[in-house]
Amino acid sequence: MALTEALLIDNVRQLSGLNGEATAETPLFSSGALDSIAMLNLITLIEMEAGIEIRADEVTLDNFDTVSRILRFAEERGG
Amino acid sequence: MSALATTLYELFADNLAERSDKVFVIDPLDSFTYADVAVDVDRVADWLVANGVGSGDRVIVQLRKSAREVAAMLAVAKVGAVVVNVNIAQTAEQLRFVAQDCGAAAMILDPSRAKALTEAAGMAVLVAGCALGLPGYARWDLLPSPGGTAPAPRLDSDLAAIIYTSGSTGSPKGVMLSHRNILAGARSVARYLALREDDRLLSVLPYSFDYGLNQLTTMMLTGGTIVHQPVAMASEVVKAMQAYRVTGLAAVPPLWIQIVRLLDAAPASFPALRRITNSGGKIPDTILERMPHVFPDADIFLMYGLTEAFRSTYLPPCKFQEKRGSIGRAIPGAEVYVIKPGLGIAGPGEQGELVHRGPLVSQGYWNRPEATAEKIRPCPELADRIGDEPVVYSGDTVRVDEDGDLWFVGRNDALIKASGFRISPDEVEELVHRSRLVADVVAFGVADDLLGQCVHVAVTLLPGADQAALMAHCRHAMPAYMVPRAIHVWPEAMPRTASGKLARPEVVRSCAQRLQEPRP
């Protein structure tokens, strides 16, 4: 799959609430940095790059709050 | 009920005599009584006074949704100053713009935002949290115990808050709200939503948004409880609704879409829930249709408003099935007319521009008398009823049905409305130009199931520039809701009008045509 840590970090780093600072462990949603529209954009990117369809009940902080959690989730779903 | 309150601070403080030990704010990890919040209000009020902030000064609050955010706003109100709440998702650049535009006297910031202010702020800054490496900024944690700052006397016609919002032209404008505006909004909404002292509203929407702020003011009016949910993620919202036995939820269409889809996939019951509300745009009918199924025991209120007059109409829940998608009629304490320019008031079956009259009409735009005079002005078609009393022109076309209920038709101007955010094409174009990658740019709205509308831009690229670099610039320079969904690269110079201006309608039409062609 084409979903890599570098791609995700690059993407969230560009999202304005983080002002360029982001690592694989930066809280994205629980910190308030990403709003609901940023979330929709991020989900679209993950679906496209990982080739998976994300169900509404899978969008949780456990699966999405950091880049490393997103990668773990995408891997478990078997991309 | 704070029946006697005339200012924003009194709306809160009138609760202290009767229910100081009642829980007022619930944060994810902690809860706070009215008395707890009052202590923080007083500590911050002392700091404001010590820094020379007084009646009429503007103070910026940019904090995560928390009891401290509430205390900061009320402290500003207590010293008679004007609250300018900036959404935590806004960039450092936008924060600087607002601070400069409103001539802020002080700022109360989240540590992450304070760090982003690379240059000296040039004013007193209070940081709510760890301020390591932020010399010169005061720290909330180190503020002394309350020293007894008295509330500053204010008229109910004085300014209480400024809410920044985009118009169809130029930069964001600050909508000025008086204490009376805010209290009238709380009283009207508490009445038609039948809010009570035992209500617990879930607050997901930011307090920088009038709809979100009103949840807080109605709970202060009734002596209720506000439950904070800082993460606008459907799964987290549902969890909080159940954990805190929430009695009311307010959301905007993109969030409703996610919540309804989640509950369709994984049904949940909410025995405490009394009502749910929507404003800030139209919910797609496929989602509206499912709402009574996933919330069988809640009343569903569909509402309409714009920041310049807060809220104009609502559809009573008993009409939800029959009039699904209608915005209903005027809320209590406001008058709404549908105007056919030059002809008069629209009757059943007709359409026209919605105008709003009454105590919710804002005080106009901060430092922009011309823009104010254009938006809030006497209505010749109403002269025989109300003389030259100014009304708010919504810029929205609505249709009147045979019963007198209103239906949203569309906007009269180029303003893009995505998920309750109003986006000015001018502002998008200005930010795209700052990339120095484009020669010409035209921004426009395209219908979108999730957001209502989304932003597209057409550009001619400068030599050596590429689309990916432009998108990266947009992601960096713009808040998420403004970032273009698509960039249309125009292959040659854009068409111009006779006077040399960009022929925008032609550009937009051509892009729209290409969007409708089947994808290869």
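Reading the values: the criteria
- Along each chain, residue indices are assigned from 1 in the same order as the chain's sequence is written.
- As a convention, the first chain written is A and the first ligand written is 1, with the rest following in written order.
- Since the coordinates come from a predicted model, pLDDT governs what is reported: local features require at least 70, and pairs of side-chain atoms require 80 or more to be given and counted, while whole-chain, interface and lining totals use all residues.
- By convention in this description, side-chain values take in all heavy atoms of the structure and omit both hydrogens and water.
- What is meant by a nonpolar core is a set of buried Ala, Val, Leu, Ile, Met, Phe, Trp, Tyr and Cys residues, joined one to another through side-chain atoms within 4.5 Å.
- Only protein chains enter the accessibility calculation, which uses a 1.4 Å probe; a residue whose area is less than 20% of its type maximum is buried, one above 50% is exposed, and one in between is partly exposed.
- Strands here mean DSSP runs of E at least two residues long; helices mean DSSP runs of H or I at least four residues long; both are numbered from the N terminus.
- The criterion used for residue contact is that any of the two residues' heavy atoms lie within 4.5 Å.
- Fitting a line to C-alpha atoms yields each axis, with helices limited to the stretch in contact; the angle taken between N-to-C directions then spans 0 to 180 degrees.
- When an angle is under 35 degrees it counts as roughly parallel; over 145 it counts as roughly antiparallel; between 65 and 115 it counts as roughly perpendicular; any other value is oblique.
- Crossing handedness is defined as follows: a turn of the near helix away from the far one that is anticlockwise and smaller than a right angle gives a left-handed crossing, while the clockwise case is right-handed.
- Planes of paired rings set the category: under 30 degrees apart is stacked, over 60 is edge-to-face and the rest tilted, where pairs are Phe, Tyr or Trp rings (Trp by its six-membered ring) whose centres lie within 6.5 Å.
- Here, a strand pair is defined by DSSP locating no fewer than two bridges between the strands.
- If you view a crossover with the strands going away from you and the path from the first strand over the helix to the second runs clockwise, you call it right-handed.
- The buried area of a pairing is the accessible area, by a 1.4 Å probe, that goes missing from both parts when the two are put together, added over both.
- By definition, a salt bridge exists where a carboxyl oxygen of Asp or Glu is found within 4 Å of a side-chain nitrogen of Lys or Arg.
- We define a polar contact as two N or O atoms separated by no more than 3.5 Å, with the added condition that, inside protein, one atom must be a possible hydrogen donor and the other a possible acceptor, whereas residues neighbouring each other in sequence contribute only through side-chain atom pairs.
- Note that Gly is not counted as nonpolar here; it falls among the polar residues with everything else outside the nonpolar set of Ala, Val, Leu, Ile, Met, Phe, Trp, Tyr, Cys and Pro and the charged set of Asp, Glu, Lys and Arg.

**Concerning the nonpolar core**
Residues and elements named next belong to chain B.
Argument step 1. Judged by nonpolar contacts, the single largest core of 73 residues is most densely connected at Phe12, Phe24, Leu48, Leu74, Ile108 and Trp140.
Argument step 2. No other element matches the nine residues that helix H4 (residues 67–78) contributes to this core.
Argument step 3. Contact partners of leucine 48, with chain neighbours within four places excluded, come to Val53, Val59, Ala75, Val76, Val79 and Ala106.
Argument step 4. Val438, Met471, Cys474 and Cys511 belong to the second-largest nonpolar core, a separate cluster that totals 34 residues.

**Structural notes on the packing of helix H3 (residues 34–50) of chain B against H4(B)**
Residues and elements named next belong to chain B.
Argument step 1. Viewed as axis vectors pointing N to C, H3 and H4 meet at an angle of 50°, and their least axial separation amounts to 8 Å. As the angle between them shows, H3 and H4 are arranged oblique. Considering how the two elements wind past one another, H3 and H4 form a crossing that is right-handed. Contacts from Val37, Asp40, Val41, Asp42, Val44, Ala45 and Leu48 of H3 reach H4 at Arg68, Ala71, Leu74, Ala75, Val76 and Lys78.

**Topic: the packing of aromatic side chains**
Residues and elements named next belong to chain B.
Argument step 1. Scanning the model with the defined rule gives 11 aromatic pairs over all chains in all.
Argument step 2. Look at phenylalanine 24 and tyrosine 34: their rings are 4.3 Å apart centre to centre, the planes differ by 15°, and that puts the pair in the stacked class. Here phenylalanine 24, found in strand E1 (residues 23–27), pairs with tyrosine 34, found in helix H3; they are 10 residues apart in sequence, far enough to count as distant. Of the two residues examined, phenylalanine 24 and tyrosine 34, each falls in the buried class.

**So, the sheet that holds strand E14 (residues 299–304) of chain B**
Residues and elements named next belong to chain B.
Argument step 1. Read across the open sheet, the nine strands follow the order E2-E1-E11-E10-E12-E13-E14-E15-E16; overall the sheet is mixed. Because the sheet does not close on itself, it has two edges, and the strands there are strand E2 (30–33) and strand E16 (329–330).
Argument step 2. Looking at chain direction, E14 and strand E15 (residues 313–315) are connected through three bridges and run antiparallel. Each residue of the ladder has a partner; that of methionine 303, found in E15, is tyrosine 314.
Argument step 3. Contacting E1, strand E10 (200–203), strand E11 (225–228), strand E12 (248–251), strand E13 (275–278) and E14, helix H8 (residues 210–222) crosses the sheet at an angle of about 160° to E10.

**Quick look at the pairing of E13(B)**
Residues and elements named next belong to chain B.
Argument step 1. Where burial is concerned, the two faces of E13 agree: the one with Arg275 and Thr277 and the one with Ile276 and Asn278 are both buried.
Argument step 2. With helix H10 (residues 253–265) bridging E12 and its parallel neighbour E13, the resulting β-α-β unit is right-handed.
Argument step 3. Pairing analysis gives four bridges linking E13 to E14, with the strands arranged parallel. Along E14, the bridge assignment pairs asparagine 278 with leucine 302.
Argument step 4. Crossover connection from E13 via helix H11 (residues 285–294) to parallel E14: handedness right-handed.

**Things to note about the environment of B:Phe421**
All names here are of chain B.
Argument step 1. Note on placement: phenylalanine 421 falls in strand E24 (residues 421–423).
Argument step 2. Residue phenylalanine 421 is classed as partly exposed on the basis of its relative accessible area of 21%.
Argument step 3. The sequence separation of phenylalanine 421 and glycine 281 amounts to 140 residues, and the corresponding C-alpha distance is 9.1 Å.

**Side note on the interface of chain A and chain B**
Argument step 1. Contact with chain A, which involves 23 residues of that partner, is made by 27 residues of chain B.
Argument step 2. Carbon and sulfur atoms supply 61% of the area that chain A and chain B bury against each other, a total of about 2,300 Å² over both sides.
Argument step 3. Where chain A packs against chain B, one counts zero salt bridges.
Argument step 4. Applying the counting criterion to the chain A and chain B interface returns two residue pairs in polar contact (both at pLDDT 80 or more).
Argument step 5. Residue composition of the side of chain A that touches chain B, by class: 10 nonpolar, 11 polar and two charged.

**A short note on the pattern of salt bridges**
Residue and element names in this part refer to chain B.
Argument step 1. On inspection of all chains with the given rule, the structure shows 30 salt bridges over all chains.
Argument step 2. Residue glutamate 197 is joined to arginine 19 by a salt bridge in which the shortest nitrogen-to-oxygen separation is 2.8 Å. With glutamate 197 in the loop between helix H7 (179–192) and E10 and arginine 19 in helix H2 (residues 16–19), this residue pair connects regions lying 178 residues apart in the sequence.
Argument step 3. For the salt bridge of aspartate 405 with lysine 319, the shortest nitrogen-to-oxygen distance reads 3.0 Å. Of this pair, aspartate 405 sits in the loop between strand E21 (390–400) and strand E22 (406–411) while lysine 319 sits in the loop between E15 and E16, and the two are 86 residues apart along the sequence. For the pair aspartate 405 and lysine 319, a shared accessibility class is recorded, and that class is buried.
Argument step 4. Counted as one network, the salt bridges with shared partners bring together Lys319, Lys323, Arg329, Asp401, Asp403 and Asp405.

**Brief notes about the pairing of strand E6 (residues 124–127) of chain B**
Regular strands have side chains that alternate between both faces of the sheet.
All names here are of chain B.
Argument step 1. Burial along E6 is two-sided: the face carrying Ala124 and Leu126 and the face carrying Val125 and Val127 are both buried.
Argument step 2. By the bridge criterion, four bridges tie strand E5 (residues 106–109) to E6 in an arrangement that is parallel. Bridging across to E6, alanine 106 finds its partner in alanine 124.
Argument step 3. Note that E6 and strand E7 (residues 138–139) share two bridges and pair parallel. Note that in E7 the partner of leucine 126 across the bridge is alanine 138.

**Details of the side chain of B:Asn85**
Residues and elements named next belong to chain B.
Argument step 1. Relative to the elements of secondary structure, asparagine 85 occurs in strand E4 (residues 82–85).
Argument step 2. For asparagine 85, a relative accessible area of 9% puts it in the buried group.
Argument step 3. A distance of 3.0 Å separates the side chain of asparagine 85 from the side chain of glutamate 69, its partner in a polar contact.
Argument step 4. Residues contacting asparagine 85, with those up to four places away along its chain left out, are Val61, Glu69, Met73, Ile162, Tyr207 and Ser208.

**Points about the environment of B:Tyr244**
Residues and elements named next belong to chain B.
Argument step 1. Following the sequence through the fold, tyrosine 244 ends up in the loop between helix H9 (234–243) and E12.
Argument step 2. Residue classification places tyrosine 244 among the partly exposed positions, given a relative accessible area of 23%.
Argument step 3. For the pair tyrosine 244 and leucine 202, spaced 42 residues apart in sequence, the C-alpha separation works out to 8.7 Å.
Argument step 4. Residues in contact with tyrosine 244, not counting those within four places in the same chain, are Ile26, Asp27, Pro28, Arg200 and Val227.

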